[in-house]
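Close look at the chain arrangement
Single-letter residue listing:
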Amino acid sequence: MKLTKLMGLGAALFTLAIPVAVTASEAAGEMAGEVAGEVNVYSYRQPNLVQPLFDGFTAKTGIKVNTVFAKKGMAERLAAEGANSPADVILTVDIGRLMDVTDRGLVQPVASDVLSDAIPANLRDADGQWFGLTTRARVMFVSKDRVADGAITDYEQLADPQWKGRICTRSGAHAYNVALIASLVAHWGEAKTMTWLKAVKENLARKPQGNDRAQVKAVAAGECDIAIGNTYYMGKMINNPDQKAWADAVRVVFPNSDNRGTHVNVSGMAMAKHAPHKDAARALMEYLVSDEAQALYAEQNYEYPVKAGVAWSDLVKSWGTFKGDELSLSKIADYRKKAIVLVHLTGFDN
Amino acid sequence: MSAQIPLTQQTQTTGPYKYGGPVSHFVRTVQAPLSLWTATVIGVVLVAAPIIAVMVLALGEVGDIWPLVRGTMLPRMIWNTVLLLGGVAVISGVIGVGTAWLVSMYQFPFGRFFSWALLLPMAMPAYVVAYAYVDFLDLGGPVYQVLTGLFGQQQGRLLLPHIRSLPGAVLVLSLVLYPYIYMTSRAAFVGQSGRFIDVSRTLGHSMFSTFWRVAIPLARPAIAIGMALVMMESLSDFGTVDFFAVKTLSAGLYDVWLSMGSLAGAAQIGMSMLGVIALLMVLERMGRRRQRFAGPVQTSAPAGKIIVSGVKGWALCLLVALPIVFGLLIPVCVLIKLAASSVEGAALSAYFESAGRSIVLAGSAALITISLGMLLAYGARTAGNGRPAQALRSLTQFAGLGYALPGVVLALGVLTVLGQFDHLVLQPLGMQFFGVTLLTSGTVLALLFAYAVRFMSLAQGNVEAGLTRITPHMDMAGRTLGHGPWSLLWRVHIPMLRGALLTGAVLIFVDCMKELPATLLLRPFNFETLATLTYTYASLEQLEAAALPALSIALVGLLPVFLMSRRLDKIGHL
């Protein structure tokens, strides 16, 4: 009895010691890392999308990249950690979240010629608080079998009753759709956008659900004929054996290519306000706009590099060239709130 | 997730003990142990801090968008939540009470096996079952093929059920939650009402009439307890409703927070959910109390089961097997099939790494939480009888409310508390320790803290249930023999509580393995657990890769179910 008690106590102490040891060793590793160089990234982007880039950076500079990935609450975590935050660089998937961290004063300006030379002015903040890294067009994936070539060319036509019960999309309140709707508000004003949203809602084959990939899957399965999604998903699906059939069922249509251009969003980055490894952070940011990294984005993530002169991947090229909407990103960001209100007023997700 | 097991039968046998009885009187006359008081107060403050932080968040500026939220979003969210809770309560009630009745009253092939196997679906995290059913009922999936084979392409497709819907969410949640009701109502049928059932039958009532006129009214408190637990679980479910795009309060909360940018609004929704769950908890406690006095002191199983043999027996066997088939077998088979198609080197090593991490993390959390829970429960028991003691007891109950907050909201509270702690306490202390910067946010400690707060009520519930079975005379005898409360705790209570402590720890362990929203937000750099791995793959629509970690979580979940079924078995066959 005594012995079992002692053993129990021992086991208890041992188990308790593990997390403490893990924390301590992590902290010690952090300290050791400071010598060799280390940079901490808070990422809204899926880890598998950015890991190859970080590997490239580490191979080149010897600086280790630590990541934590969360889609929800990163800004709150940064804010709560305040001056003690270990975060150096923030990676986001769209302009909305980039503006969110900027507006809350969680980032610091970076003055770098490397960055400002590589990134066109409309894709970065004038004060250097945020930078676009890649662009992605929000396109239509239409069924090869059931939608004739040229039958739909503009976002406007999504409201046409002929598509009743044939359109699939993710939640209207998702950042990607919000940015698209915000760009429409910028172009058309609120009233027209609201009418359009209502009409598109009427045409939906099902309640908005899932992510962009799930919409293409639904087209492949015959649930709908037109899906709205970001371009790079196409590449991701083509190169996934389980998902290739979905991608093969659709054709990419760049909306409004003949007039104002297709809505374009960015993935982006910013330096955290209290970045403890400022130099390493800057090095990482500059690496991400280097030819090498931008080519990686193009090759592996099927996104459009922001840097001029970096080649698109062959697959991306195969979808064709397009004219991007030149509306500035900060303008889109300004209309985000209006867009969200419209989504909820029209009951788009219900 | 699971709440404390209502082992009402065992409370029965030793008789009820309520706070404020002789022990507190005794303690008061002896002198309240100051060290225990202090320790309890520190524990309470620690655990309650994030909950209070959320309250403070809720008091913040809701933003100009709030009228829209209140006008258009909130009514729909509330309506969906009501439908979800109501639907799950009814369906899981029918399954749970029905199977409990059949298993308790009739003898049929494999009846004994079903009596514990019916608990198994409880091991499945609802979101995992949801993933599996989406694949199972997908276009091109097995059901689709059968339907199109039978009715042709067009018809078969129309017949395919839309699982990604409110009814789908009701079904999925009912399939994994009915065991709560099964467990409580079965205990009632074989236990205290067994004798009445015998009487009813000897007085000439048919089984049908006995069921409606005697068994159900007597088991009502037990069924209510089960339903309260089921509704609590449904209310806090996020994974399923998110995946099925059903805008309930727990899913809509994210919209308010992230797309409307109103953190305070989200915190308010979280607090109102806490209110509802606190209400359910009170109802559950009341139900339990009533149940304690409802039956005779001695438990008694009904005299004999009705033997059903032949075709009828097998039909009954098939009927009772259905919940297990749908709640466990089909999802597990789907996952195994998916996992088998995706196993490869790189994914496997990532899997093993996160599996090890999950086990260590959940194990440590279970140990810490159960220890803290024991401290709070024991502190409340020995606190005495005065005003401060009453206050302390209320506070320990308050500390258990972390369970009622949506995980992500609680995580925000934890972030706030740890951020302030780092800022106000560690920073002035220099934070440097052998040259290493000490911080709590973004470390494993943050996760352990969050788990402890979230699952405190599981620890407290089990320990309290165990403590009520230890007669206060034990405490008195120990004290007269010269032992202090700490020594008593170590020498008397802990050894006697072994069972309760183990059950509590295992339940917490499993819940920590499953926990997702707080883990995602609070974890350190380069840190994946089984739950986050499942989530990451599933959000990439790569259900194949998500299958193996999901399956592992489910398998671990079987552990406490086996433990419980053994206990239940004991009760059922006294």
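Residues numbered from 1 in each chain as written. Chains lettered and ligands numbered in written order. Predicted model: local features only at pLDDT ≥ 70, side-chain atom pairs only at ≥ 80, totals over all residues. Heavy atoms only, no water.

Tallying secondary structure elements over chain A gives 15 helices and ten strands in all. The burial tally for chain A puts 57% of its 350 residues in the buried class. The long-range share in chain A, meaning contacts at least 24 apart out of those at least 6 apart in sequence, stands at 77%. (Helix = DSSP H or I, 4+ residues; strand = E, 2+ residues; numbered from the N terminus. Buried < 20%, exposed > 50% of the residue type's maximum accessible area, 1.4 Å probe, protein only. Contact = heavy atoms within 4.5 Å.)

It is worth spelling out the state of the cysteines at this point. According to the stated counting rule, one finds one disulfide over all chains in the structure shown. A:Cys168 shares a disulfide with A:Cys224; S-S distance 2.0 Å. The sign of the -110° torsion about the S-S bond sets the A:Cys168-A:Cys224 disulfide as left-handed. One end of the pair, A:Cys168, is in strand E6 (residues 167-168); the other, A:Cys224, is in the loop between helix H8 (212-220) and strand E7 (226-230), and 56 residues separate them in sequence. Exposure remark for A:Cys224: the relative accessible area of 1% places this residue in the buried category. The thiol of B:Cys317 is not disulfide-bonded; the next cysteine sulfur, from B:Cys333, is found 17 Å away. Take B:Cys317: its relative accessible area is 9%, and that puts it in the buried class. (Disulfide = S-S within 2.5 Å.)

Moving on: the interface of chain B and chain A. Across the boundary between the two partners, chain B contributes 61 residues, which contact 60 residues of chain A. Together, B:Phe525, B:Leu540 and B:Glu541 form the three largest contributors to the area buried by chain B at its contact with chain A, with a combined 14%. At the boundary of chain B and chain A, one finds zero salt bridges. The interface formed by chain B and chain A contains eight residue pairs in polar contact (both at pLDDT 80 or more). Counting only elements with at least two residues in the side of chain B that touches chain A, the list comes to helix H4 (66-105), helix H12 (249-259), helix H15 (345-382), helix H17 (407-426), helix H18 (444-454), helix H21 (485-514), helix H22 (517-522) and helix H23 (530-539) of chain B. The greatest single-element share of the side of chain B that touches chain A, amounting to six residues, is contributed by H17(B). A breakdown of the residues in the side of chain B that touches chain A according to their chemical character gives 31 nonpolar, 17 polar and 13 charged. (Buried area = accessible area lost by both parts, 1.4 Å probe. Salt bridge = Lys/Arg side-chain N within 4 Å of Asp/Glu carboxyl O. Polar contact = N/O pair within 3.5 Å; in protein donor to acceptor, adjacent residues only side chain to side chain. Nonpolar A, V, L, I, M, F, W, Y, C, P; charged D, E, K, R; others polar.)

This part takes up the environment of B:Ser250. All names here are of chain B. One can find Ser 250 in helix H12. For Ser 250, a relative accessible area of 4% gives the class buried. Along the sequence, Ser 250 and Gly 407 sit 157 residues apart, while their C-alpha atoms lie 9.5 Å from each other. Setting aside its immediate chain neighbours within four residues, Ser 250 contacts Leu 235, Asp 237, Phe 238, Val 241 and Met 273. A polar side-chain atom of Ser 250 sits 2.7 Å from the main-chain carbonyl oxygen of Asp 237.

What follows covers the domain arrangement of chain A. Residue and element names in this part refer to chain A. We note that the domain assignment places domain 1 (3-134 + 264-312) and domain 2 (137-262 + 321-345) within chain A. Of the residues lining the interface, 19 residues belong to domain 1; the matching set on domain 2 comes to 21 residues. With both chains or domains summed, domain 1 and domain 2 bury close to 1,700 Å², and 66% of this area falls on carbon and sulfur atoms. Summed over the three residues of domain 1 that lose the most area to domain 2, namely Val 264, Tyr 302 and Tyr 304, the buried surface amounts to 37% of that side. At the boundary of domain 1 and domain 2, one finds zero salt bridges. Remark: the boundary between domain 1 and domain 2 carries three residue pairs in polar contact (both at pLDDT 80 or more). (Domains from an automatic or database assignment.)

Once that is clear, we can look at the packing of helix H2 (residues 47-61) of chain A against helix H12 (residues 291-301) of chain A. Residue and element names in this part refer to chain A. Two numbers describe how H2 lies on H12: the axes approach to 10 Å, and their chain directions differ by 150°. By the criterion of interaxial angle, the relationship of H2 to H12 is roughly antiparallel. Considering the relative orientation of H2 and H12, their crossing is right-handed. Of the residues in H12, those in contact with Leu 49, Pro 52, Leu 53, Gly 56 and Lys 60 of H2 are Glu 292, Ala 293, Leu 296, Tyr 297, Gln 300 and Asn 301. (Axes fitted to C-alpha atoms, helices over the stretch in contact; angles between N-to-C directions. Parallel < 35°, antiparallel > 145°, perpendicular 65-115°, else oblique. Left-handed = near helix turned anticlockwise from the far one by under 90°.)

This paragraph deals with the packing of helix H15 (residues 336-345) of chain A against H4(B). It is at 10 Å that the axes of H15(A) and H4(B) come closest, and there the two elements cross at 30°. Compared by their axis directions, H15(A) and H4(B) come out roughly parallel. For the pair H15(A) and H4(B), the crossing hand works out as left-handed. Across from A:Val341, A:His344 and A:Leu345 in H15(A), the residues of H4(B) making contact are B:Leu68, B:Thr72 and B:Met73.

Let us look at the pattern of salt bridges. All names here are of chain A. Scanning the model with the defined rule gives 25 salt bridges over all chains in all. Close ionic contact of Arg 146 with Asp 225 constitutes a salt bridge, the shortest N to O distance being 2.5 Å. With a gap of 79 residues between them, Arg 146 in the loop between strand E5 (131-143) and E6 and Asp 225 in the loop between H8 and E7 connect regions that are remote in the sequence. Of the residues examined, Arg 146 reaches a relative accessible area of 35% and is grouped as partly exposed. Between Arg 260 and Glu 156 there is a salt bridge whose closest N-O contact spans 3.0 Å. Of this pair, Arg 260 sits in the loop between strand E8 (250-253) and strand E9 (264-272) while Glu 156 sits in the loop between E5 and E6, and the two are 104 residues apart along the sequence. When salt bridges with common partners are traced through the structure, they connect Arg 45, Arg 136 and Glu 303 into a single cluster.

What follows is about the packing of aromatic side chains. One pass over the structure, following the stated rule, counts 22 aromatic pairs over all chains. On the numbers, 5.8 Å between centres and 70° between planes, the contact of A:Trp188 with A:Trp196 is edge-to-face. Accessibility classification places A:Trp188 together with A:Trp196 in one group, the buried group. Here B:Phe113 and B:Trp116 contribute two aromatic rings whose centre-to-centre distance is 5.6 Å and whose plane-to-plane angle is 80°, an arrangement assigned as edge-to-face. With B:Phe113 and B:Trp116 both in helix H5 (residues 111-117) and three residues apart, this pair spans about one turn of that helix. A relative accessible area of 25% means that B:Trp116 is categorised as partly exposed. Taken together, the ring pairs connect B:Trp101, B:Phe189, B:Phe208, B:Phe211 and B:Trp212 into an aromatic cluster. (Phe/Tyr/Trp six-rings, centres within 6.5 Å; stacked < 30°, edge-to-face > 60°.)

What follows is about H21(B). Compared with an ideal rise of 1.5 Å per residue, which puts 30 residues at 44 Å, H21(B) spans 36 Å between its outermost C-alpha atoms and falls more than 12% short. The principal kink in H21(B), of about 65°, is found at B:Arg498. (Expected span 1.5 Å × (residues − 1). Bend = angle between axes of the 7 residues up to and from the residue.)

Here we come to a nonpolar patch on the surface. Residues B:Ile78, B:Trp79, B:Val82 and B:Leu83 make up a contiguous nonpolar surface patch of roughly 380 Å² in combined accessible area. Overall, the relative accessible area of 52% leaves B:Trp79 in the exposed class. (Patch = residues over 30% accessible without salt bridge, like charges linked within 9 Å, V, L, I, M, F, W, Y side chains within 5 Å. Areas by Shrake-Rupley, 256 points an atom, 1.4 Å probe, with all protein chains shown as cover.)

What follows concerns the side chain of B:Thr443. With respect to the secondary-structure elements, B:Thr443 resides in the loop between strand E4 (436-437) and H18. Its relative accessible area of 11% is what places B:Thr443 among the buried residues.

With that settled, consider the nonpolar core. One broad rule of soluble globular proteins: the nonpolar side chains tend to lie buried together. Counting 262 residues, the largest nonpolar core has A:Leu158, A:Met269 and B:Trp101 as its most contacted members. In terms of residue count, the dominant contributor to this core is H4(B) (16 residues). When we break this core down by domain, the ones giving at least three residues each are domain 1 (3-134 + 264-312) and domain 2 (137-262 + 321-345) of chain A. Ignoring any residue separated from it by four or fewer positions in sequence, one finds A:Met269 in contact with A:Val89, A:Ile90, A:Leu91, A:Leu98, A:Leu115, A:Trp130, A:Phe131, A:Leu133, A:Met285, A:Leu288 and A:Val289. Judged by nonpolar contacts, the second largest core, of 26 residues, contains A:Val139, A:Tyr232, A:Trp246 and A:Ala247. (Core = buried A, V, L, I, M, F, W, Y, C linked by side-chain atoms within 4.5 Å.)

This part takes up the pairing of E9(A). Residues and elements named next belong to chain A. Burial analysis of E9 places nine of its nine residues in the buried class, the great majority of the element. Relative to E9, strand E3 (residues 89-92) is paired through four bridges, and the arrangement is antiparallel. Across the sheet, residue Ile 90 finds its bridge partner in E9, namely Ala 270. Where strand E4 (residues 107-108) lies against E9, two bridges are found, and the strand directions are antiparallel. When the bridges of E9 are listed, Val 107 appears paired with Ala 272. Pairing of E5 with E9 involves six bridges; the strand directions are antiparallel. (Pairing = 2+ DSSP bridges.)

Once that is clear, we can look at the environment of A:Ala83. Residue and element names in this part refer to chain A. Looking at the element boundaries, Ala 83 is found in the loop between helix H3 (74-81) and E3. Classification of Ala 83 as partly exposed rests on a relative accessible area of 45%. C-alpha of Ala 83 to C-alpha of Tyr 232: the two residues are 149 residues apart in sequence and 36 Å apart in space.

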